[in-house]
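Understanding the architecture of this molecule
Below, each chain spelled out in residue letters.
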Number of protein chains: 2
Amino acid sequence: MGKTADVNNIGIVETRTIDLFTNANPLVLAKGETLAPITVAYETYGQLNRDASNAVMVLHALTGDAHAAGFHEGASRPGWWNNLIGPGKPLDTDRFFVICANLLGGCQGTTGPASINPQTGTAYGLDFPLLMVSDLVKVHRELLKQLKIPRLLAALGGSLGGMQVLEWALSYPKEIAHAVIVAASSRLTAQNIAFSAVARRAIMSDENFKRGQYLAENVSPDIGLSIARMMAHITYLSEDALSDKFGREKRPDKGEPGFGIDFQVESYLAHQGNIFLERFDALSYIYLSRAMDYFDPFSEPDYADAIKADPLNWLVLSFDTDWRFGTSHSRRIVRHLEHARQAVTFRELSSPWGHDSFLMEVAPYHQTLRTYFNSALDRGV
Amino acid sequence: MGKTADVNNIGIVETRTIDLFTNANPLVLAKGETLAPITVAYETYGQLNRDASNAVMVLHALTGDAHAAGFHEGASRPGWWNNLIGPGKPLDTDRFFVICANLLGGCQGTTGPASINPQTGTAYGLDFPLLMVSDLVKVHRELLKQLKIPRLLAALGGSLGGMQVLEWALSYPKEIAHAVIVAASSRLTAQNIAFSAVARRAIMSDENFKRGQYLAENVSPDIGLSIARMMAHITYLSEDALSDKFGREKRPDKGEPGFGIDFQVESYLAHQGNIFLERFDALSYIYLSRAMDYFDPFSEPDYADAIKADPLNWLVLSFDTDWRFGTSHSRRIVRHLEHARQAVTFRELSSPWGHDSFLMEVAPYHQTLRTYFNSALDRGV
């Protein structure tokens, strides 16, 4: 379906930027350091209604960006969640005002470790302060303040996006009426951390990483970053999805067996590794994956205090073939929320695509979100 | 338990070597190339009985070697399968004559891509011919011929070792009375191939790989090989085993959070990556992992012919937490063997350790092997 034929698309959209925080009033990070100014790239779709009661914020995952829906001028591919967001779509831009911002530490317009450090005139590199998920949330909150949205009808995110929703709702429950958490985790397992550790090792041991100063030297750790992406990509898909898609098919044009790209699945992975280099930065990968490793909000003894005082509504979704943040992760979230006397709707959805399902057009998943958002709006903030 | 206190240990053992094949009579490989001479490193334990009817050959996995049991002079650690092989152990060296050989393409004494090419005087590197699992078997058969063992009571192997057993038994069923295949596969899945592809990519894109000529330049692709090993190691263990062993524990001596080794699981993985460098060669990793990718004996239309004419006995074992070559792989083997009218005993064993279970002292597993071997010997070859 071409973009002109798809009447449900938003059409042309633009990424805007805004500068938040000042040296006089900087962002104070979880680990005590400060950061200012912070440029934030964001997009909005639909119209904010008069009492600002129809705002839904979309939080993106590790390698996402602010461009969630519609098309950038001249682009042939839409935003990363275009199947969900648009006129008449599950997150209906005829009804909702949708905001998506590139997160702190990212590399698609928001300040991150590849940004220029105003104090040195060169890229931060590893001088950029360590980030925690709570730091990402603080920047999102400041953006909403500037957009004059005191309270979200809903915050929605998958994977790291869902972790931001969880952190936000636990810490500032008055600011969110409905927290929607998809394929996320409240605490990475040893295996989750192990995969990320190997990815970071691949990046940081690339000869072009240059202790994080590769931008100043005009090189980039492409080999390490593509290896990290290839490995992570395997964990995003179910084993069956990979088998159904590629099986043991050989490349049609390949000659004798060797150590190159003989199998279709190798070709696919190499392609995923390569295209990733065009849109992502190695330092962002390191910083944001580490924020995920350390995320563990339910280990705070007072985690339940704020949401007990101001309960909100929760929708927690998992996918049955997700082996990165599978249903056991979601159940753990639900268990802790219910312990804190929250109203939680939990659903495990069937989908063949593994962790990546949260990005896919899975009918019962999209139907669940459509119903939930419409019902939330009808009930009011 | 110290080695002197363990009366069930074989004691001091030695690796021997033998030269097989000659230029006049070389090994003809599956892909048509020839190779000679081939040095093979092997060990034996126990005594061959008078009619050579008590010989059990142990085939090792991707990164194993000929030193399966006992201690090398001065060594503090025994061979890799010492919990299975020894006096009174499940594979009882008081009853059985056990042989283990480093496989073709390996790096622990048997000819492989890091060996000197007699025609050039330098290491083969990528000039070494591509190997298939059937080539590894041909070398084992030649070794047995030299040892004057016309028929094995049993061939036993886990993972790639089990794949060699399967290949051998399908092609030369008269040479094996009992084929014991543990945690193996008759055909890697797309996910299996994908993990190996990333591992090879990490090795071959290391700046010290030098197109496979690193030995001549006196360097080695240590970073790539350790990344390959770290990643593979994650797939050898169950998610629960990693969680039980490490959870989210931090290193006791670590300071502020950062991008180094903060979590215990990171420390463990880094250690695994490092010690691997001392005992394994990057080229062997590439060659042997590729042999696994291409292994697919049941795709041969005539796979059943030889074993229908000369049926043998099969024991196929899998572990319930193995997510590398899980039970579905074993079931596929059983299905094809039963289709070829073979007598197959299949058992899925419960063990917490994932794929690595085949190396561990899992009581029902060792009991199954003990019973099976003793009964095989009592029944005769």
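These numbers come from a predicted model, not from an experiment.

1. Comments concerning the overall build of chain A
Across its full length, chain A carries 10 helices and 12 strands. For 381 residues, the compact-globule estimate of 2.2 N^0.38 gives 21 Å, and the C-alpha radius of gyration of chain A, at 21 Å, lies within 12% of that figure. For chain A, the C-alpha atoms occupy an extent of roughly 65 × 50 × 45 Å along the three principal directions. Within chain A, buried positions represent 60% of all 381 residues. Of the contacts made within chain A by residues no fewer than 6 positions apart, 74% connect residues no fewer than 24 positions apart. Surface summary for chain A: the accessible area is close to 14800 Å², and the carbon and sulfur share equals 46%. For chain A, the distance from the average site of its 35 positive side-chain charges to the average site of its 42 negative ones is 5 Å.

2. A short note on the packing of helix α3 (residues 190–204) of chain A against helix α6 (residues 264–279) of chain B
Contact geometry of α3 of chain A with α6 of chain B gives a least axis separation of 9 Å together with a crossing angle of 55 degrees. Taken as axis vectors, α3 of chain A and α6 of chain B run oblique relative to one another. The way α3 of chain A lies across α6 of chain B gives a crossing that is right-handed. Where α3 of chain A abuts α6 of chain B, its residues Ala190, Ile193, Ala194, Ala197, Val198, Arg200 and Arg201 of chain A lie against Val265, Glu266, Leu269 and Ala270 of chain B. A per-class count over the contact of α3 of chain A with α6 of chain B returns eight nonpolar, no polar and three charged.

3. Quick look at the packing of aromatic side chains
The full count for this structure, using the stated rule, is 32 aromatic pairs over all chains. Look at Phe298 of chain A and Tyr303 of chain A: their rings are 4.8 Å apart centre to centre, the planes differ by 70 degrees, and that puts the pair in the edge-to-face class. A network of ring pairs unites the aromatic residues Tyr124, Phe128 and Tyr287 of chain A together with Phe259 of chain B as a single cluster. Across from the ring centre of Phe325 of chain A, 5.4 Å away, lies the NZ or CZ of Arg324 of chain A, which sits over that ring.

4. Overview of the confidence of the model for chain A
Residues and elements named next belong to chain A. Per-residue pLDDT for chain A has a mean of 96; in total, 98% of the residues score no lower than 70. With pLDDT under 50 throughout, residues 1–5 is counted as low confidence; its partners more than four residues away or in other chains account for four contacts. The ipTM, which scores confidence in the relative placement of chains, is 0.95 for this predicted complex, and the corresponding pTM is 0.96.

5. Describing unusual backbone geometry
Residues and elements named next belong to chain A. Residue Ala36 is joined to Pro37 through a cis peptide bond whose omega torsion reads -15 degrees. Looking at the element boundaries, Pro37 is found in the loop between β3 (34–35) and β4 (38–45). At Phe21, a position not held by glycine, the phi torsion is positive, near 65 degrees. For Phe21, a relative accessible area of 17% gives the class buried. The phi angle at Ser159 is positive, at roughly 60 degrees, despite the residue not being glycine.

6. With respect to the nonpolar core
If you look at the biggest cluster of nonpolar residues, it comprises 194 residues, and the most contacted ones within it are Tyr285 and Trp314 of chain A together with Tyr285 and Trp314 of chain B. Dropping the residues within four chain positions of it, Tyr285 of chain A is found in contact with Leu62, Thr63, Ala199, Ile203, Leu225, Ala228, Ala232, Tyr236, Phe276 and Phe280 of chain A.

7. Points about the sheet that holds strand β8 (residues 97–101) of chain B
Strands belonging to one sheet form pairs held by backbone hydrogen bonds; the direction of such a pair is parallel or antiparallel. All names here are of chain B. Spatially, the eight strands line up as an open sheet ordered β1-β4-β8-β5-β9-β10-β11-β12, and their pairing is mixed. Sheet topology places β1 (16–20) and β12 (343–349) at the edges, where each strand pairs with a single neighbour. Shown here is a sheet whose adjacent strand axes are inclined to one another by a mean of 20 degrees, direction ignored. Of the pairings in the sheet, the one linking strand β5 (residues 55–59) to β8 comprises four bridges and is parallel in character.

The rules behind these values
Residues numbered from 1 in each chain as written. Chains lettered and ligands numbered in written order. Predicted model: local features only at pLDDT ≥ 70, side-chain atom pairs only at ≥ 80, totals over all residues. Heavy atoms only, no water. Helix = DSSP H or I, 4+ residues; strand = E, 2+ residues; numbered from the N terminus. Rg over C-alpha atoms; globule rule 2.2 N^0.38 Å. Buried < 20%, exposed > 50% of the residue type's maximum accessible area, 1.4 Å probe, protein only. Contact = heavy atoms within 4.5 Å. Areas by Shrake-Rupley, 256 points an atom, 1.4 Å probe, with all protein chains shown as cover. Lys, Arg positive; Asp, Glu negative; His and termini not counted. Charge placed at Lys NZ, Arg CZ, Asp CG, Glu CD. Axes fitted to C-alpha atoms, helices over the stretch in contact; angles between N-to-C directions. Parallel < 35°, antiparallel > 145°, perpendicular 65-115°, else oblique. Left-handed = near helix turned anticlockwise from the far one by under 90°. Nonpolar A, V, L, I, M, F, W, Y, C, P; charged D, E, K, R; others polar. Phe/Tyr/Trp six-rings, centres within 6.5 Å; stacked < 30°, edge-to-face > 60°. Lys NZ or Arg CZ within 6 Å of the ring centre and 35° of its normal. pLDDT = per-residue confidence, 0-100. Core = buried A, V, L, I, M, F, W, Y, C linked by side-chain atoms within 4.5 Å. Pairing = 2+ DSSP bridges.

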